[in-house]
Amino acid sequence: MFHFQRLLLLSLSFFLLSCGLDGFNQGIYKVKYQKGDHGDWAAKSYDDSLWTERYPYSDPPEESSIWWLRQNFNFNERIHFDQPTGVAVIAIASFDLYIDGILVGSNGKPGSSIDKEIVGKYSSLFLIPDSLLTHDEHTIAIRFSHHQLPDFYRFHGIYFGDFKDMAKIGLFETSMIHILAGFFLIVGIYYLLIYFIDRRKLSTLLFASLCLSFFSLIIFEYIKFYYLYDYPYHLTRLIIIKYLTFLIALLLPSYYLVRFNMSFNKMLIIIYIATLIFISTSDLSFDTASVALFTVAACTTLVISILTVYHKKVGSTLALIGIICIFPSILFDYDLMLFTGFTAIIFFLLISLTIQAKIDRIEKEAATNRSVILENALLKKNIQPYFLMNSLTSLMDWVEEDPKSSVQFIDTLANESRLLLTVADQTTIPLQQEIELCKAHLKNMSFRKNSRFDLSLTGLKLEGQIPPAILHTCVENGLSHQIFAKGDHTFILHIESRENKIVFKLTSPGNVKDKFERKPDGTGFKYIKSRLEESYSGEWALNAYQENEHWITEIEIPARHFNIEVQ
Amino acid sequence: MNILIVEDEERIARRTERYLIEILSDRKIHIHIEEEINKAMRFLENNTIDLLFLDLNLHGENGFQIIQSLVSESFQTIIISAYSEKAIEAFEYGVLDFIAKPFLKERLEKAIDRYKNTELKSENSTRYLSIKSNSILELIEVNKIIFIKGAGHYSELHLENGKVELHSKNLEKLYILLPDQFKRVHKSYIANIKMVDRIRTEVGSKYSIQFKNTEEIPIGRSYYKGLKKELIK
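Everything in this summary refers to the structure shown in the same document. (Residues numbered from 1 in each chain as written. Chains lettered and ligands numbered in written order. Predicted model: local features only at pLDDT ≥ 70, side-chain atom pairs only at ≥ 80, totals over all residues. Heavy atoms only, no water.)

**Focus on the overall build of chain B**
To keep things clear, this is the line we draw: The helix count covers DSSP runs of H or I at least four residues long, the strand count covers runs of E at least two residues long, and both are numbered beginning at the N terminus. To sort residues, take the accessible area from a 1.4 Å probe on protein chains only and compare it with the maximum for the residue type: under 20% means buried, over 50% means exposed, and anything in between is partly exposed. Under the convention used here, a 1.4 Å probe and the Shrake-Rupley method define accessible areas, while residue burial counts only the protein chains that appear.
The helix and strand inventory of chain B stands at seven helices and 15 strands. The burial tally for chain B puts 51% of its 233 residues in the buried class. Carbon together with sulfur atoms contributes 46% to the accessible area of chain B, which is approximately 11400 Å² in total.

**Some thoughts on the sheet that holds strand β9 (residues 154-159) of chain B**
Where strands meet in a sheet, backbone hydrogen bonds hold them as pairs that are either parallel or antiparallel. Residue and element names in this part refer to chain B. Applied cut-off: Here the rule is simple: two strands pair whenever DSSP picks up at least two bridges between them. Angular values range over 0 to 180 degrees, each being the angle between N-to-C directions of two axes fitted as lines to C-alpha atoms, with helices fitted over their stretch in contact.
Read across the sheet, five strands follow the order β10-β9-β8-β12-β11 without closing on themselves; strand pairing throughout is antiparallel. Bordering the open sheet on either side are β10 (164-167) and β11 (182-186), each of which pairs with just one other strand. Averaged over all adjacent pairs, the angle separating strand axes in this sheet is 25 degrees, with direction ignored. Relative to strand β12 (residues 189-192), β11 is paired through four bridges, and the arrangement is antiparallel. Paired with F182 across the strands is N192, a residue of β12.

**Regarding the side chain of Q181(B)**
All names here are of chain B. Let me state the cut-off plainly: Every residue pair with non-hydrogen atoms within 4.5 Å of one another is taken to be in contact.
Tracing the chain through its elements places Q181 in the loop between α6 (171-177) and β11. On the basis of relative accessible area, Q181 is assigned to the buried category, the value being 14%. Here Q181 is in contact with N143, A191, N192, I193 and K194, once residues within four sequence places are set aside.

**Considerations on the environment of I190(B)**
Tracing the backbone through its elements, the reader meets I190(B) in strand β12. Excluding residues that lie within four positions of it along the chain, I190(B) makes contacts with F147(B), I148(B), L171(B), Y175(B), L178(B), F182(B), K183(B) and R184(B).

**As for the sheet that holds strand β4 (residues 67-73) of chain A**
All names here are of chain A. Reading across the sheet, the six strands line up as β3-β2-β4-β9-β6-β7 and stay open at both edges, with antiparallel pairing between neighbours. Because the sheet does not close on itself, it has two edges, and the strands there are β3 (52-54) and β7 (102-107). When strand polarity is set aside, the average angle formed by the axes of neighbouring strands in this sheet is 25 degrees. Sheet topology note: the strand β6 (residues 94-99)/β7 ladder contains five bridges and is antiparallel. Bridge pairing in β7 links D96 to S106.

**Some thoughts on the interface of chain A and chain B**
By convention, interface size is frequently given as the accessible area that disappears when the constituent parts associate. Our working definition: Here's the idea: put two parts together, see how much 1.4 Å probe accessible area each one loses, and the total over both is what we call buried area. Salt bridges are defined as contacts in which a side-chain nitrogen from Lys or Arg sits within 4 Å of a carboxyl oxygen from Asp or Glu. In the analysis that follows, any N or O atom pair within 3.5 Å is treated as a polar contact, provided that within protein one partner can donate a hydrogen and the other can accept it, and provided that, for residues neighboring in sequence, both atoms belong to side chains.
Each partner contributes residues to the interface: chain A has 25 residues there, and chain B has 23 residues. Both faces combined, the contact of chain A with chain B buries some 2400 Å², and carbon together with sulfur accounts for 48% of it. The interface formed by chain A and chain B contains seven salt bridges. Linking R18(B) and E400(A) is a salt bridge whose minimum nitrogen-to-oxygen distance equals 3.4 Å. Taken together, the links from chain A to chain B amount to eight residue pairs in polar contact (both at pLDDT 80 or more). Secondary-structure elements contributing two or more residues to the side of chain A that touches chain B are α11 (385-401) and α13 (431-449) of chain A. Considering every element that reaches the side of chain A that touches chain B, the biggest residue donor is α11(A), with twelve residues.

**Quick look at the pairing of strand β8 (residues 123-127) of chain A**
Along a regular strand, successive side chains alternate from one face of the sheet to the other. Residue and element names in this part refer to chain A. Across the two faces of β8 the burial differs, with S124 and F126 buried and S123, L125 and L127 not buried at all. Pairing analysis gives five bridges linking strand β5 (residues 85-91) to β8, with the strands arranged antiparallel. Across the sheet, residue A88 finds its bridge partner in β8, namely L125.

**Description of the environment of G161(A)**
Residues and elements named next belong to chain A. Its location among the elements puts G161 in strand β10 (residues 155-162). Sequence separation between G161 and Q26 is 135 residues, and the spatial gap between their C-alpha atoms is 6.5 Å. If we skip the residues at most four places from it in the chain, G161 touches G23, N25, I79, P84, T85, G86 and M166.

**A look at the packing of helix α7 (residues 286-310) of chain A against helix α8 (residues 316-324) of chain A**
Any two packed helices are characterised by how steeply their axes cross, that is the angle between the axes, and by the distance between the axes. Residue and element names in this part refer to chain A. Selection criterion: Orientation categories follow fixed angle ranges, with anything under 35 degrees roughly parallel, anything over 145 roughly antiparallel, 65 to 115 roughly perpendicular, and all other angles oblique. Here a crossing is taken to be left-handed if its near helix is turned anticlockwise relative to the far helix by less than a right angle, and right-handed if that turn runs clockwise. Three residue categories are used. Nonpolar comprises Ala, Val, Leu, Ile, Met, Phe, Trp, Tyr, Cys and Pro, charged comprises Asp, Glu, Lys and Arg, and polar comprises the others, including Gly.
Two numbers describe how α7 lies on α8: the axes approach to 9 Å, and their chain directions differ by 160 degrees. Relative to α8, α7 is oriented roughly antiparallel. Read as a crossing pair, α7 and α8 show a hand that is left-handed. Contacts from A298, T301, L302, S305, I306, T308 and V309 in α7 reach S316, T317, A319, L320, I323 and I324 in α8. Partitioning the contact of α7 with α8 into residue classes produces eight nonpolar, five polar and no charged.

Next up, the structure:
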C-alpha cells in the first residue's frame, strides 16, 4: 500500500506538471514533523535532526494539537528572482508559514484546541518577500493544527513559482472543461424533461442521470481551482466525488443494458454491485478507488456493448465506439481525458438516440398510414359496386313493385352504412357491435335476395374487442361466393377456444359455386389479414375451406383479449 | 326471339325481364333466367338464343375470360354490371353493349335499339374478335382483318397473314360490332377500308376492291355510291 501510494503521488505530481499546471515550478514533499509548539522552531538555525521525516499521504500525525513541520531547501533554476515569487501550500491545516524565521503568511490560525483554531483554506498562496529570494539554503517552517478534521490529514506539498502564474493555476483548464460541463448539463436537463413531460422510459432517465452525473463530477473535481474552500470541506468534496464515481459506475453499464433491452443475469448484477461496494469501502485512496471504479465500470460496459452489437441491436455500434473512447483516458492521462472520454460517450450515444428516434418516427408514420388505409378500405365497402350499385338496382325494383317494403329496405341500407361509418376509424370494436354489423348486412341481403338470412351464435359467450368488419367481410364473402336457394338461411358463428386462442368459425349455409368462382375474394381477405396483423402482430390465423357443401371461414385470435362469460 | 338473362339476384332479373317484355312487345320473345354462369353455359349447350344479358362481377379476373368465350358465339352479348369502370375494356372484346347498374328502362331500350338496328355502329371500338376452335379461344386483332365474307350463319375472317378464320356470328351481327373502318361493300362482304389499295372498275359497271395484299372482292352495285363517298372523305 505504502509503495503504491508513493508511486501514485509521484505520478500525480507528474500529471500536475504535465497537465500544464506550470505555475508550480518547485515542490517540497518530504518534510520533518514534531508535535508541540515552541517559538524558536521557526528559526533557520534550529536543529531538527531528531524530528520525524515523513512523506505526505502517510499516516496522519496522531492527536490533534499544534504541530510543526520543517524542511531545508534551495530555490531551483526555475525560480526567477526578478519576478514576484509565491509559495503555495496545499494541506489540510490551519497554519503560520515561516521562511528563515520570518512569518511569510497565515492560513487561518492554528490553535491548541478546536475552539482556539481559526479554520484555514485547503489551498493557500503567499508572496515571498524579496529579501528571501537568494540562492542560499533556506528553511521553511509551518506551525499548524487541524482540529476540524482530526482523523483525516493530507499534506499535498509546498510549491514555489511565479506568483501570478500560481494565482491562476488551473483556471484555463477549468474554463475549458466547463464547456463540456455545459454540454452535459444541457443534454442531461433536456432528457430529464423528456422523461417527465414526454415519455417515461427508464433508459431516458438513466441517460439523463448519467449526463448530470458527469456534469456534477466536473463541478466537484474542478471547484478547487476557483473556489478556495475551508480545509474541512476537502474530505466532503472527496466523499462526494467518490459517491458520484460510484453512481456513474452504476449508471453506465445499466444504461447500456436497459437501452438495448438486454436480458441480464441477476447474479452477475449482484456480483458487479458487490465489487463496486468493495472497492468503495476498501482502504484504497480516493483517487485509486476512483480509477478502479471507472475501470471496472468501463470494462463491464464494454462487454455489454459488444454483446449488443453481436445481437444486432439498433444503434449499438455507435454506442460501442463511445465506450471504447473512454479507455485511452483510463490508460493514460486520467483526469482531463476522462472527461473528454465522457464527452465521446455522450456524443456517440446522442447520435445513436437520434437515429433511434428517426426509426421510431418512420415506424409510427407507417402505422398511421396503415391505419388510414384500413379505415379507407372499410369505408369503401359502403360504396363498392357490388354492394352499392346492386343494392340500388334491387331497390329500384322494390320501389316500383312494392313501395311500402322499399322504405324498409332503404332503412336497412342506411343502418348498415351507419354502422360501418361508426366503426371505420376504430382499431377494435366490441364483439357485440361486430355481430350487429353482420346482422345488418344479412338483413340487407335478405331484401336483395328475397330470402331470409339470419345469424346464430353458438359456443362460448364472449366479451371483448375485435378489429372492425372482419366477421362482416366473412359474411360478405359467404354471400357472394355461394348460391342460395330461395328461402331461409342461417349463418352460424361458432366460438370456441383452442389452446390459448379463441376461434371464430363462420359457416355459410349456401352451396359453393363451381370452382370457377370458388377462389376467395382477394381484397376481402387482404382486409381481414391487415386488420388482424394490426392488432395481433403475428399471433393470429385465417383459414377458409369447404366442408360438405358449405363455405367455412375461421379466424384465430389470442384468447387473452377476451373474457369468457361463465354460464 | 330467345333471350337468356344471367343474374343471381332474382329481383333484378325479374325487373329486366319485365322491361324486355315491354320493350319488345312487337314480337314474340321467350326469356329464360339462370342465376349462375355455369348453369347458363349448360343451358346454352342445349339451346340457341339470340341475345344474352349477363350480370358479371368484373372485379375478379374470370369476368373477362367469360366474356371472351361468350362473344365468340353466334348470339349478341350485353353485359350488365355494377363495375362500370370496366366498360371500355369489355367493348374491346365485341360486346353489343355494357349497361351499368342501376339502370332505367330507357337504358335498356337503347341497348335493344342497337340489337334491332343493323345500321347503328357502335361508338366504342372493338379491338378483338374471339373465335373458338376445338374449345380453344383465340383473339383476333380487328386491325389484322382485311375483309369478311358471309357464309350463311357464319362469317369468314380473311386476315392479313393469309389465314381464314370462321366466326359463329353472321355478317349482320358482326357488322354492328365492328369499328368504323369496316364497311359493308356487298351483300356478302365487309371490307376493312384501311386495307384498301384501290377500286377497280370493270366492263359492265362491275366494281371491285383490290386490297394491299392483292386480294380482290366485289362491290355490290347498291353499295358503290356510299362507299365512294366514304373513300373520298
